[in-house]
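These are the residues of each chain, in order.
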Protein chains: 2
Amino acid sequence: MEDSWANRSSAPARGAHVAGADLHLELDRGGGAGVRAALVRSLRDAVREGRLAPGTRLPSSRSLAVDLGIARNTVADAYGELVAEGWLTARQGSGTRVARRVVPAEPAPPRTPRAAARPRYDLTPGSPDVASFPRSAWLSAARRALTAAPSEAFGYGQPRGRIELRRVLADYLARARGVRAAPERIVVCAGFIQGLAVLSRVLRQAGHRAVAVESYGLDLHWNVMRRAGLDTVPLPVDGHGADVAELDRRSGVRAALLTPAHQFPTGVSLDPDRRAAVVDWAARTGGLVLEDDYDGEFRYDRQPVGALQGLDPERVVYLGTASKSLAPGLRIAWMVVPDHLMDALLALKGTGEWQSGALDQLTLAEFMDSGGYDRHLRGMRLRYRRRRDQLVAALADRAPEVEVTGIAAGLHAVLELPPGTERSVVQGAAWQGLALHGLARFRHPEAGEELRDALVFAYGTPPDHAFSGAIEALCRVLP
Amino acid sequence: MEDSWANRSSAPARGAHVAGADLHLELDRGGGAGVRAALVRSLRDAVREGRLAPGTRLPSSRSLAVDLGIARNTVADAYGELVAEGWLTARQGSGTRVARRVVPAEPAPPRTPRAAARPRYDLTPGSPDVASFPRSAWLSAARRALTAAPSEAFGYGQPRGRIELRRVLADYLARARGVRAAPERIVVCAGFIQGLAVLSRVLRQAGHRAVAVESYGLDLHWNVMRRAGLDTVPLPVDGHGADVAELDRRSGVRAALLTPAHQFPTGVSLDPDRRAAVVDWAARTGGLVLEDDYDGEFRYDRQPVGALQGLDPERVVYLGTASKSLAPGLRIAWMVVPDHLMDALLALKGTGEWQSGALDQLTLAEFMDSGGYDRHLRGMRLRYRRRRDQLVAALADRAPEVEVTGIAAGLHAVLELPPGTERSVVQGAAWQGLALHGLARFRHPEAGEELRDALVFAYGTPPDHAFSGAIEALCRVLP
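It should be emphasised that the depicted structure is a prediction, and the values quoted were computed from it without experimental measurement.

## A word on the relation of the copies chain B and chain A
Once chain B has been moved 0.0 Å along the axis and rotated by 180°, it coincides with chain A to within an RMSD of 0.1 Å. Here the transformation between the copies is reduced to the relation of a two-fold axis. An overlap of 99% is found between the interface residues of chain B and their copies at the interface of chain A, pointing to a shared contact surface.

## Some words on the interface of chain B and chain A
With 84 residues of chain B in contact, the opposing surface of chain A contributes 83 residues. Together chain B and chain A conceal approximately 7200 Å² of surface at their shared face, both sides included; 55% is due to carbon and sulfur atoms. For the pair chain B and chain A, the number of links is zero salt bridges. Counting the contacts that link chain B with chain A gives 20 residue pairs in polar contact (both at pLDDT 80 or more). Considering each element in turn, the side of chain B that touches chain A owes the most residues, seven residues, to helix H5 (residues 135-148) of chain B. When the residues that make up the side of chain B that touches chain A are grouped by side-chain class, the tally is 39 nonpolar, 20 polar and 25 charged.

## Looking at the sheet that holds strand E16 (residues 437-438) of chain B
All names here are of chain B. Judged by pairing direction, the sheet is antiparallel, and its four strands sit side by side in the order E13-E14-E17-E16 without closing on themselves. Each edge of the open sheet is held by one strand with a lone partner, namely strand E13 (403-405) and E16. The sheet contact formed by E13 and strand E14 (residues 413-416) spans three bridges and is antiparallel. Its bridge partner being in E14, Thr405 is matched across the sheet by Val414.

## Re helix H15 (residues 464-477) of chain A
Within the sequence span of H15 of chain A, burial applies to Ala466, Phe467, Ala470, Ile471, Ala473, Leu474, Cys475 and Val477 of chain A. Elements that come into contact with the buried residues of H15 of chain A comprise strand E3 (121-122), helix H13 (372-398), strand E14 (413-416), helix H14 (422-431), strand E15 (434-435) and strand E17 (454-457) of chain A.

## What to know about the environment of Pro338 of chain B
All names here are of chain B. In this structure, Pro338 sits in the loop between strand E12 (333-336) and helix H11 (339-350). Counting along the chain gives 73 residues from Pro338 to Leu411, while the straight-line C-alpha distance between them is 29 Å. Beyond its immediate chain neighbours, meaning those up to four positions away, Pro338 contacts Arg185, Leu288, Pro313, Glu314, Val316 and Val317.

## Observations concerning the confidence of the model for chain A
Residues and elements named next belong to chain A. When pLDDT is averaged along chain A, the result is 86; 89% of the residues meet or exceed 70. This stretch, residues 1-24, has a pLDDT under 50; its non-local contacts, to residues over four places away or in other chains, come to 63 contacts. With pLDDT under 50 throughout, residues 104-116 is counted as low confidence; its partners more than four residues away or in other chains account for eleven contacts. Complex prediction metrics read pTM 0.80 and ipTM 0.79.

## Considering the packing of aromatic side chains
All names here are of chain B. Scanning the entire structure with this criterion turns up 16 aromatic pairs over all chains. Consider the rings of Tyr172 and Tyr373, whose centres lie 5.2 Å apart with planes at 85°: the pair is edge-to-face. Here Tyr172, found in helix H6 (residues 163-177), pairs with Tyr373, found in helix H13 (residues 372-398); they are 201 residues apart in sequence, far enough to count as distant. When the centroid spacing of 6.4 Å and the interplanar angle of 75° are considered together, the rings of Phe457 and Phe467 count as edge-to-face.

## Some words on unusual backbone geometry
The omega torsion of the bond from Phe264 of chain A to Pro265 of chain A falls at 0°, within 30 degrees of zero and hence cis. Tracing the sequence through the fold places Pro265 of chain A in the loop between strand E9 (255-258) and helix H9 (272-285). Even without being a glycine, Arg331 of chain B presents a positive backbone phi close to 55°. Looking at where Arg331 of chain B falls in the secondary structure, it is placed in the loop between helix H10 (322-325) and E12. Arg331 of chain B gets classed as buried once you look at its relative accessible area, which sits at 5%.

## Brief notes about the pairing of E14 of chain B
Residue and element names in this part refer to chain B. Residues Ala413 and Leu415 line one face of E14 and the alternating positions Val414 and Glu416 line the opposite face, and both faces are buried. As judged from the four bridges shared by E14 and strand E17 (residues 454-457), these two strands associate in the antiparallel manner. By the bridge assignment for E17, Ala413 is matched with Phe457.

## Describing the pattern of salt bridges
All names here are of chain A. With the rule as written, the count across this model stands at 47 salt bridges over all chains. Between Asp374 and Arg175 there is a salt bridge; the shortest N-O distance is 3.2 Å. Pair noted here: Asp374 is in helix H13 and Arg175 is in helix H6 (residues 163-177), with a separation of 199 residues, a long-range link. Judged by relative accessible area, Arg175 falls into the partly exposed class, the value being 45%. Note that Arg249 is salt-bridged to Glu246, the shortest N-O span being 3.1 Å. Overlapping salt bridges bring together Asp129, Arg383, Arg387 and Asp464 as one network.

## A look at the sheet that holds E14 of chain A
Residue and element names in this part refer to chain A. The four strands are arranged E13-E14-E17-E16 in an open sheet whose pairing can be described as antiparallel. Only two strands of the sheet have a single partner each, and these edge strands are strand E13 (403-405) and strand E16 (437-438). When E16 meets E17, the two strands line up antiparallel, connected through two bridges. Considered in E17, the bridge of His437 is made with Val456.

## A few points about the side chain of Asp292 of chain B
Within the secondary structure, Asp292 of chain B sits in strand E10 (residues 288-292). In contact with Asp292 of chain B, other than residues within four places in its own chain, are Phe192, His221, Leu257, Leu258, Thr259, Pro260 and Leu319 of chain B.

Rules behind the numbers
- Residues numbered from 1 in each chain as written.
- Chains lettered and ligands numbered in written order.
- Predicted model: local features only at pLDDT ≥ 70, side-chain atom pairs only at ≥ 80, totals over all residues.
- Heavy atoms only, no water.
- Least-squares fit on C-alpha atoms with pLDDT ≥ 70 in both.
- Contact = heavy atoms within 4.5 Å.
- Buried area = accessible area lost by both parts, 1.4 Å probe.
- Salt bridge = Lys/Arg side-chain N within 4 Å of Asp/Glu carboxyl O.
- Polar contact = N/O pair within 3.5 Å; in protein donor to acceptor, adjacent residues only side chain to side chain.
- Helix = DSSP H or I, 4+ residues; strand = E, 2+ residues; numbered from the N terminus.
- Nonpolar A, V, L, I, M, F, W, Y, C, P; charged D, E, K, R; others polar.
- Pairing = 2+ DSSP bridges.
- Buried < 20%, exposed > 50% of the residue type's maximum accessible area, 1.4 Å probe, protein only.
- pLDDT = per-residue confidence, 0-100.
- Phe/Tyr/Trp six-rings, centres within 6.5 Å; stacked < 30°, edge-to-face > 60°.

Here's what the structure looks like:
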């Protein structure tokens, strides 16, 4: 049975190179099962890398055992294992061969990530200052949560999310945002986008074909809805927020996604009359409002405006998130869901998204319950407010003709530019190493109102040490 | 302006009940902004709970301020806030009134969770022994991970998952499961179901209409695929695993979901010839195999059978999970994805599922890298093996006519029953407080082969202290 392959083997000693250029068996790892495993690995690698070509006949177990100075059974076991895995075949009369259909591995294709030059300052909105994540407070909360967790917390759980977190959230949302939320109305999800994706499918299932959105917003959100089979119909946005009176003129539309507390990205809050009107519209038409309360916690000059949801919990779905208040990396958000949608939503969420990681949920519950969350928010509110004031002062000094709006709340400001200049300013900013979007980037493709030229400046995003530099670079490119 | 409402107010002192039965204002919380906030809350609650009916005219700010013994501006501010939120309206000449469209809250409907009597012993498969979660080792890993994490880890991240985890997984999967996995081929997902859901949508998008599945399996998985628009076509399962030769007779089917290492739930492993045949089929037809390697780590009597994926990484998608090896509550699983599917998969995953929690991913990477994962697996392998042996011994002694199969690996066994007895045994088990499924529970509705009567006994699920009791209860109901 010794064929050309075995004859090419050079040194029979343990750890030596066997089979010349074809097969390098390194078996210097203890004895017994360790040798068998090492032999399996070596043979597998040799087949994989093409050093043993498909169809090649292997030496008999006896002869390879002698070559390697190991027990014959060890070789036979290894062959058996590789036959079971499909690397080798063993046929009566034709010995053990490398299976014919094993595809040799190409050298791993070096998928070079597109080498986008990293900007010096990231001023695109959507992320808080992640460098301020309260690591040690979070870790303490994690320790307490992990110690106190019942064993079942490590099991599959429910699509609704952990009850510990839902209880704490119900209190918090009622207190801080005026949301009417019982724990059984809350559904924890892995970020706003996941919540919106599930809700969109629920709406589509219920016969919705279109959702009204604000004419300025995030295409990511519009795409999520479109993927679920929903058209997005833009409502004009002006100084009082979205023009919800338009809803009555869009006959096919029975749902609207809004950012009432702090319109994204223009920064206005929805006018009291319009708040009333949109809830009226929903009650009158059986419509539904999806309230995206992404940064409701951050309001600087007076008490936060409470959530719209409190006005009519059966017609408003409230969506909040830890992505702005803590960190997007946690992937935790929450929905407060009307009763009539709950069963459909949980059924859909249960086939696909299921639940977020239980340990993070328990840790967040503990973090909120112990006051850590409120403390963190207070600290961040001060910090962001200082940054906003610094931005406003710098602009007043260096670019007095640029008006700053949308700064009563949130993590970004809108800098109004002279008509026709937005594009060149954004390009100039890129040259200065600033990742920065103009308002056009957030405009719905079917938006009807006049173009405004403006920059969206996310003062929340950069870490503290980079903030002054970012403002400095900005001032250099403003007209 | 003082109307009937104000006249009914009885006691003007701070903290007293104002407005008789209608309004209970509790304002005993410090001074300044605290009083304003307390007043807002009290008024909001009164409107919400219907104590202040829609249309009711409120006292003037001056008169309420006198009633409550607080500053008039405080009341005016509170009214202003509630007008901004839409609870109240303020119209020239008609004063401040409760808005008409505020829906009074019904008392929260006590959604009683269906009071399914909790079984004494849960022996349904799918979960490991969650009581054995390595809490303190995990917490240490979390501490190290959280300390070492770069700030950007707290940001949005990528749909692919954290590079730290993908690097460690690539090593682990190559070493322990024979998977050919470079970090850039790995996609972290929030559990097997999420991975399957995204893959199903990718397949549907690529024109697939049907996926072959094993005739015994989980309806949860079939439903996920069906929801993505894919039919499931069962392949018969026998003592050698799924009969993959059938694939050639299903002309419309170009993808198959299989559990090669340990068929779920029958427990056989896919025969070497069939492993070869299914990879051949995929290469010949441009087909795809989805390899569900749910419990590949747990094999007791010999080395684990390596993954099918290693035979042809461009035609096999490998799916593994931490749900069996650690805990389902983590919601972390991984896919090793062929190059030609990667872009479509990331694009779809990016609109909806995005990524799993970054901190758990980093912690798992640290846990694996430090050897904690291997240690945990070794310990659990011993523990599960002991349980399996205890089960086999008890049955040999107490129910010798029941044959135990599928026990070379995994966390469950199949107990073969005399024909026609499965249903009554499952019912009897329920009476004994055992949550236990018969094989029929896992049968595809279109399965063609003969019915087998058997129980699926998940010896991995109960905590250690309950295991002997569970076996005892089982033996009482066996024929």
